[in-house]
Amino acid sequence: MPDIRQRFYFADSPVRGEIVQLEQSLAAIFTRHQYPTTVQRLLAELVTASVLLTATLKLEGRLSLQAQGKGALKMMMAECNHRHEVRAIAQVAEDADFADDATLKDLLTDGLLVITLEPEHGQRYQGIVALEGNSIAEYLENYFAQSEQLPTRLWLTANGVKGSGLLLQALPHTTDEDADRWPRLLQLTETVKNEELLDLSAEEMLYRLYHEESVTLPASEAVSFACTCSREGTAQALMSIGQAECEDILAEQNDIRLHCQFCHNEYVFDASDIKMLFKVQVH
């Protein structure tokens with residue numbers, strides 16, 4: 001199945017949902033890095049969550065989820081933009097052990113999870129997600145509840161190869177003539193199995209869960225791996241450190257090589273490149 005984000009609605013209801021199913025984009029991430037199986041599973045869940053949350057926002061920009069800690073897992077980050085392009089990375093401690101059933105909280109040790117919104121136009125927002133619960137889905141649900149945002153439930157699963165998730169959310173400032181709809185939909189969705197999230201198509205899953213409800217599905221949207229690094233962006237980074245520093249690096253190693261941790265692209269700048277960059281003669 002292709003990597004997709006599928007939105008769905010319930011007729012005459014303030015409840016909406018999202019399904020995300022990933023495989024190809026995760027393969028693009030994991031072929032560039034060698035992570036323990038447990039880390040791949042958790043990172044796949046984090047990438048899936050980033051797509052689900054981005055889909056709920058009217059945002060042109062990007063959303064990132066970054067976990068940091070002092071344990072076996074030093075850092076893990078997943079990022080998604082409004083075009084549903086994802087990238088992710090993790091950093092692990094050397095010689096660390098990773099239990100198959102370890103949670104993100106187990107691996108971080110005194111860690112935290114940060115959600116960051118970076119609109120292309122507007123103010124950057126950052127919030128701290130407490131690691132309360134036993135899964136990434138529970139951490140995020142508690143964040144929504146404590147920050148007094150929209151009632152939101154998430155189901156996430158991954159096996160290191162595939163990642164899949166489902167989100168239900170009640171929209172604000174609306175009334176529902178069916179007062180039992182939200183608890184009924186939650187009860188129905190609680191029956192979903194991890195295997196169904198991973199292996200059924202979005203249409204099959206929605207029929208399996210909600211065949212007695214009236215569900216509307218707009219066209220699905222593709223999700224893909226894409227890195228935001230570029231030679232132009234790297235050149236801007238070199239300009240920010242200044243001409244003198246660039247010249248010192250050139251004197252030591254003849255060229256400047258900058259490596260993207262996400263996609264492993266390498267950008268090489270020689271003396272003539274630096275000369276053009278600063279429009280001065282580099283000695």
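So, a few notes on the structure that sits alongside this text.

### Considering helix 8 (residues 231–241)
Thinking step 1. Every buried residue of helix 8 is accounted for by T234, A235 and L238. Summarising the axial view, the buried residues of helix 8 lie within an arc of 100 degrees, below the 170-degree limit, and thus occupy one face. More than 90 degrees from the buried face of helix 8, the exposed residues found are E232, Q236 and S240.
Thinking step 2. Looking at the packing, one finds that the buried side of helix 8 touches helix 9 (243–253), strand 13 (256–259), strand 14 (266–269) and helix 10 (271–278).
Thinking step 3. One or two steps after helix 8, the chain reaches G242, where phi turns positive at roughly 100 degrees.

### Points about the nonpolar core
Thinking step 1. Counting residues in each nonpolar core, the largest one holds 57 residues, and the members touching the most others are L53, L65, M76 and L140.
Thinking step 2. Element by element, the count of residues in this core is highest for helix 2 (residues 37–55), at 10 residues.
Thinking step 3. In this structure, L65 is in contact with L46, A49, S50, L53, M76, M77, A78, L113, V114, I115 and L140, ignoring residues within four places of it in sequence.
Thinking step 4. Core analysis: the second largest hydrophobic core is formed by 17 residues, F8, I19, V192 and A202 among them.

### Focus: the packing of helix 9 against helix 10
Thinking step 1. Where helix 9 meets helix 10, the closest approach of the two axes is 11 Å, and the angle between their N-to-C directions is 175 degrees. Between helix 9 and helix 10, the interaxial angle falls into the category roughly antiparallel. Two secondary-structure elements touch here, helix 9 through Q243, C246 and L250 and helix 10 through A271, I274 and F278.
Thinking step 2. In terms of residue class, the contact of helix 9 with helix 10 is built from 5 nonpolar, 1 polar and no charged.

What counts, and where the lines are drawn
Residues numbered from 1 in each chain as written. Predicted model: local features only at pLDDT ≥ 70, side-chain atom pairs only at ≥ 80, totals over all residues. Heavy atoms only, no water. Buried < 20%, exposed > 50% of the residue type's maximum accessible area, 1.4 Å probe, protein only. Helix = DSSP H or I, 4+ residues; strand = E, 2+ residues; numbered from the N terminus. Arc of directions from axis to C-beta. Contact = heavy atoms within 4.5 Å. Core = buried A, V, L, I, M, F, W, Y, C linked by side-chain atoms within 4.5 Å. Axes fitted to C-alpha atoms, helices over the stretch in contact; angles between N-to-C directions. Parallel < 35°, antiparallel > 145°, perpendicular 65-115°, else oblique. Nonpolar A, V, L, I, M, F, W, Y, C, P; charged D, E, K, R; others polar.

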